[in-house]
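What the coordinates show
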Amino acid sequence: MIAAIGLAVGSAVCFAFGAALQQRAARREPQHGTADPRLLIRLLRRRSWLLGKLPDLTGTLLQALALRFGPLTLIQPLLITAMFLAIPLEAALDHRRPHPRDITAVAVCVLGLTAFLGAARPRAGVAQPSMMGWLGVALIGSALVGICLLLAHRATGALRGTLLGIASGLLYAGTASLLKTVAERVAHDPLSTLVDWHLYALAVVGFASVALNQNAFQNGPLAAPLTSITLVDPVASIVIGVTAFHETLSVGGLRLLVEVPAVLAMGFGIWLASTRSTGREGYEGG
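On to the overall build of the protein. Looking only at helices and strands, the protein has 12 helices and 0 strands in total. Going from N to C terminus, the protein has its helices and strands arranged as α-α-α-α-α-α-α-α-α-α-α-α. By residue count, 51% of the 286 residues in the protein fall in the buried class. Excluding contacts between residues fewer than 6 apart, the proportion of contacts in the protein whose partners are at least 24 apart in sequence is 84%.

Below, the structure written as structure tokens:
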């Protein structure tokens with residue numbers, strides 16, 4: 001379990017560098033519509049964006065190894081450490097100080113999720129969900145992503161970035177779930193993975209999450225989409241872990257005194273990030 005935690009933290013560091021570099025490249029492109037694939041096509045021609053994908057791919061590899069040795073309900077929430085690094089990295093690239101509201105939003109979300117995990121104590125379940133389990137994840141996840149996209153179509157600025165971030169976070173949770181299954185199959189029978197539907201579903205959902213993520217990065221400061229993505233991803237992963245992978249959480253009794261305020265704190269953090277004025281792209285302090 002210690003190895004899994006170390007791999008997850010290493011993955012988070014890589015994702016932080018990747019997010020800061022990719023967001024910087026995405027903001028330089030013309031504004032595109034919600035889930036417009038042309039943005040990703042344009043970014044594929046940008047050297048700075050491709051440079052940002054290198055730590056991203058490294059993070060994905062470390063994430064796959066971590067999911068091989070640890071439960072989904074533990075590994076995905078550990079990726080919130082990326083939020084600590086990505087916000088100051090974005091500010092450093094823009095030659096400014098991080099905005100206090102961004103730092104506050106990140107800190108509230110991280111503390112809330114950390115408190116929740118400490119009280120809930122996630123434990124591993126089955127290695128492979130049933131087909132009905134996957135069907136439930138696909139139907140509910142698709143509905144929620146669709147709602148976010150519809151709302152984002154009418155929104156602007158940080159709110160639009162937050163809604164697209166929520167949708168991206170849901171897709172990333174699905175990607176992580178499929179990645180965990182594929183990693184398990186590769187460890188036991190690599191050749192059979194090539195004819196397994198999980199691998200191709202992973203490719204489709206993974207591509208959709210990356211494309212939507214870039215649209216989210218175009219709207220508002222990095223904290224708005226990143227807070228949503230990095231919080232919704234582990235929360236959705238916890239739900240998938242409990243329902244599809246039959247992982248267990250300790251919920252109830254005195255633990256609720258910690259868990260309920262923790263959930264409220266996470267919601268407050270998302271609201272704080274989504275409502276920051278985008279009139280100033282940076283914060284100079286003073």
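Another point: the pattern of salt bridges. In this structure the tally under the stated criterion is 3 salt bridges. Residue Asp 56 is joined to Lys 53 by a salt bridge in which the shortest nitrogen-to-oxygen separation is 2.8 Å. Highlighted residues: Asp 56 and Lys 53, both in helix H3 (residues 47–69), separated by 3 residues, approximately one helical turn. For Lys 53, a relative accessible area of 13% corresponds to the buried category. A salt bridge links Arg 68 to Glu 184; the shortest N-O distance between them is 3.6 Å. Of the two residues, Arg 68 sits in helix H3 while Glu 184 sits in helix H8 (residues 157–188), which places them 116 residues apart along the sequence. Classification of Glu 184 as buried rests on a relative accessible area of 16%.

Attention now goes to the side chain of Ser 237. Along the chain, Ser 237 falls in helix H11 (residues 223–243). By relative accessible area, Ser 237 is classed as buried at 0%. Those residues in contact with Ser 237, other than ones at most four positions away along the chain, are Leu 72, Thr 73, Gln 76, Ala 173 and Val 232.

Once that is clear, we can look at H8. Counted at 1.5 Å a residue, the expected span for H8 with its 32 residues is 46 Å, and the 46 Å between its end C-alpha atoms agrees. With 25 of 32 residues buried, H8 lies mostly within the body of the structure.

Here we take up the confidence of the model for the protein. Scored by pLDDT, the protein has a mean of 82; 90% of the residues are at 70 or more. In the model of the protein, helix H5 (residues 81–93) stands out as the element of lowest mean pLDDT, 72, in contrast to helix H7 (residues 131–154), which has the highest, 93. Note that pLDDT drops below 50 for residues 278–286; the model gives that stretch 16 contacts with residues more than four away or on any other chain.

Inspection of the secondary structure puts Pro 234 in helix H11. Each C-alpha atom, one on Pro 234 and one on Leu 74, is 8.4 Å from the other, the two residues being 160 residues apart in sequence.

Attention shifts here to the environment of Ala 127. Structurally, Ala 127 is set in the loop between helix H6 (100–120) and H7. Each C-alpha atom of the pair Ala 127 and Glu 247 lies 9.7 Å from the other, and the pair is 120 residues apart in sequence. Ignoring anything within four residues of it in the chain, the contact list for Ala 127 reads Glu 184 and Phe 245.

This paragraph deals with the nonpolar core. Core analysis: the largest hydrophobic core is formed by 44 residues, its most contacted members being Leu 67, Leu 72, Ile 75, Phe 116, Leu 231, Ile 240 and Phe 245. In terms of residue count, H8 provides more of this core than any other element does, 10 residues in total. For Ile 75, the residues in contact, after removing those within four places along its chain, are Ala 4, Ala 8, Ala 66, Leu 67 and Gly 70. Ala 26, Leu 40, Tyr 172 and Ala 211 belong to the second-largest nonpolar core, a separate cluster that totals 18 residues.

In this section: unusual backbone geometry. The phi torsion at His 246 lies on the positive side, around 55°, for a residue other than glycine. Position of His 246 relative to the elements: it lies in the loop between H11 and helix H12 (256–274).

With that settled, consider the packing of aromatic side chains. Centre distance and the angle of the planes are the two values used to describe a pair of aromatic rings. For the structure on display, the rule yields 2 aromatic pairs. Between Trp 134 and Trp 197, the aromatic rings sit 6.0 Å apart at their centres with planes inclined by 85°, giving edge-to-face as the arrangement. With Trp 134 in helix H7 and Trp 197 in helix H10 (residues 197–217), this residue pair connects regions lying 63 residues apart in the sequence. Given a relative accessible area of 8%, Trp 134 falls into the buried group. Arranged with centres 6.1 Å apart and planes meeting at 80°, the rings of Trp 134 and Phe 245 form a pair that is edge-to-face. Linking Trp 134 in helix H7 with Phe 245 in the loop between H11 and H12, this pair joins segments that are 111 residues apart in sequence. Clustering of aromatic rings is evident, with ring pairs tying together Trp 134, Trp 197 and Phe 245. The ring of Phe 69 carries the charged tip of Arg 68 above its face, separated from the ring centre by 5.7 Å.

How each quantity is defined
- Residues numbered from 1 in each chain as written.
- Predicted model: local features only at pLDDT ≥ 70, side-chain atom pairs only at ≥ 80, totals over all residues.
- Heavy atoms only, no water.
- Helix = DSSP H or I, 4+ residues; strand = E, 2+ residues; numbered from the N terminus.
- Buried < 20%, exposed > 50% of the residue type's maximum accessible area, 1.4 Å probe, protein only.
- Contact = heavy atoms within 4.5 Å.
- Salt bridge = Lys/Arg side-chain N within 4 Å of Asp/Glu carboxyl O.
- Expected span 1.5 Å × (residues − 1).
- pLDDT = per-residue confidence, 0-100.
- Core = buried A, V, L, I, M, F, W, Y, C linked by side-chain atoms within 4.5 Å.
- Phe/Tyr/Trp six-rings, centres within 6.5 Å; stacked < 30°, edge-to-face > 60°.
- Lys NZ or Arg CZ within 6 Å of the ring centre and 35° of its normal.

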